[in-house]
Amino acid sequence: MARPKRKRTIDHPPIMEGFRPFGIPIADLEPVMLLFEEYESIRLSDYEGLTQEQSAERMNISRPTYTRVYEKARRTIARAFVEGKPIFIEGGNYHMEQRDPAGMCICVDCDIRLPHLAGIPCREQSCPKCGKSMMREGNYHHLLYLKNK
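As the structure is a computational prediction, the values presented were derived from the model and not from experiment.

Student: Just checking my understanding: could you explain the state of the cysteines for this structure?
Tutor: What makes a disulfide is a covalent bond joining the sulfur atoms belonging to two cysteines. Inspection of every chain in the model, using the stated rule, returns 1 disulfide. Here Cys 105 is linked by a disulfide to Cys 122, with a sulfur-sulfur distance of 2.1 Å. With the S-S bond torsion at -65 degrees, the cross-link from Cys 105 to Cys 122 turns out left-handed. Here Cys 105 is found in strand E6 (residues 104-106), whereas its partner Cys 122 is found in the loop between strand E7 (113-115) and strand E8 (135-136), with 17 residues between them in sequence. Here the two residues Cys 105 and Cys 122 agree in accessibility, since each one is buried. The thiol of Cys 110 is unpaired, and the distance to the nearest cysteine sulfur, on Cys 130, comes to 3.5 Å. Looking at Cys 110, the relative accessible area reads 22%, which means it is partly exposed. A disulfide-free cysteine, Cys 127 has its sulfur positioned 3.7 Å from the sulfur of Cys 107, the nearest such atom.

In structure tokens form, the structure reads like this:
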């Protein structure tokens, strides 16, 4: 029996769902899928400039596994550029690093704050006032929302 895969640790999820080429109707294109852990490998090595050893440590995987994830990400992105295909970022074998198990869930529309319930992502809770999804206060997406507000 094969050993179970270790989930890859993701610090910063993407702020978008993907990219698409200009000048070609999206309906005419077959997208390529970039997994969340592949996105994270590109972010760590190419954006942050970390070595493969440092990146593997941050993602909580071995260096050879990191190399396979990183090379697959580069091939996927190259294929999308060369063939003019959109990139959808989704799925994979990952978990989000939670540094603070406590904290608050916040509705960015109503500014309602509720205590975070362990084991239930804030995005799966609805605001009691407006019914929209909640967001973890102080997380990456909340900070991006505040920056763009």
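Having seen the model, we can carry on.
Student: Quick question: what am I supposed to make of the nonpolar core here?
Tutor: For soluble globular proteins, nonpolar side chains are generally found buried alongside one another. In this structure, Leu 34, Tyr 66, Ile 87 and Ile 89 are the most contacted members of the largest nonpolar core, which totals 16 residues. Per-element accounting of this core gives the leading share, 5 residues, to helix H3 (residues 63-83).

Student: Before we go on, may I ask you to explain a nonpolar patch on the surface in this structure?
Tutor: Judged by side-chain polarity, Ile 26, Met 33 and Phe 88 come together as a nonpolar surface patch covering roughly 240 Å² of accessible area. Topologically, Ile 26 is positioned in the loop between strand E2 (18-19) and strand E3 (32-34).

Student: What is the right way to read the side chain of Glu 37 from this model?
Tutor: Locating Glu 37 in the fold gives a position in helix H1 (residues 36-47). For the buried Glu 37, which has no salt bridge, the nearest side chain bearing the opposite charge is Arg 8, at an N-O separation of 4.2 Å. Setting aside its immediate chain neighbours within four residues, Glu 37 contacts Arg 8, Ile 10, Met 59, Val 69, Gly 91, Gly 92, Asn 93 and Tyr 94.

Student: How should I be thinking about the packing of H1 against helix H2 (residues 52-59) in this particular structure?
Tutor: Running from N to C, H1 and H2 point in directions that differ by 135 degrees, and their axes come no closer than 10 Å. It follows that H1 is oblique to H2 by the angle criterion. Judged by the sense of rotation from one axis to the other, the crossing of H1 with H2 is right-handed. Packed against H1, whose contacting residues are Glu 37, Glu 40, Ser 41, Arg 43, Leu 44 and Ser 45, the element H2 presents Ser 55, Arg 58 and Met 59 at the interface. For the contact of H1 with H2, the per-class residue count stands at 2 nonpolar, 3 polar and 4 charged.

Student: So what exactly am I meant to see when it comes to H2 here?
Tutor: Side chains that are three or four residues apart share a direction in an α-helix, a result of its 3.6 residues per turn. Buried within H2 are the following residues: Ser 55, Ala 56 and Met 59. One side of H2 carries all its buried residues, which in axial view fall inside an arc of 100 degrees. For H2, the elements touching its buried residues are strand E1 (8-10), H1 and H3. After H2 finishes, the residue Asn 60 shows a positive phi value of roughly 65 degrees.

Parameters at a glance
- Residues numbered from 1 in each chain as written.
- Predicted model: local features only at pLDDT ≥ 70, side-chain atom pairs only at ≥ 80, totals over all residues.
- Heavy atoms only, no water.
- Disulfide = S-S within 2.5 Å.
- Helix = DSSP H or I, 4+ residues; strand = E, 2+ residues; numbered from the N terminus.
- Buried < 20%, exposed > 50% of the residue type's maximum accessible area, 1.4 Å probe, protein only.
- Core = buried A, V, L, I, M, F, W, Y, C linked by side-chain atoms within 4.5 Å.
- Patch = residues over 30% accessible without salt bridge, like charges linked within 9 Å, V, L, I, M, F, W, Y side chains within 5 Å.
- Areas by Shrake-Rupley, 256 points an atom, 1.4 Å probe, with all protein chains shown as cover.
- Salt bridge = Lys/Arg side-chain N within 4 Å of Asp/Glu carboxyl O.
- Lys, Arg positive; Asp, Glu negative; His and termini not counted.
- Contact = heavy atoms within 4.5 Å.
- Axes fitted to C-alpha atoms, helices over the stretch in contact; angles between N-to-C directions.
- Parallel < 35°, antiparallel > 145°, perpendicular 65-115°, else oblique.
- Left-handed = near helix turned anticlockwise from the far one by under 90°.
- Nonpolar A, V, L, I, M, F, W, Y, C, P; charged D, E, K, R; others polar.
- Arc of directions from axis to C-beta.

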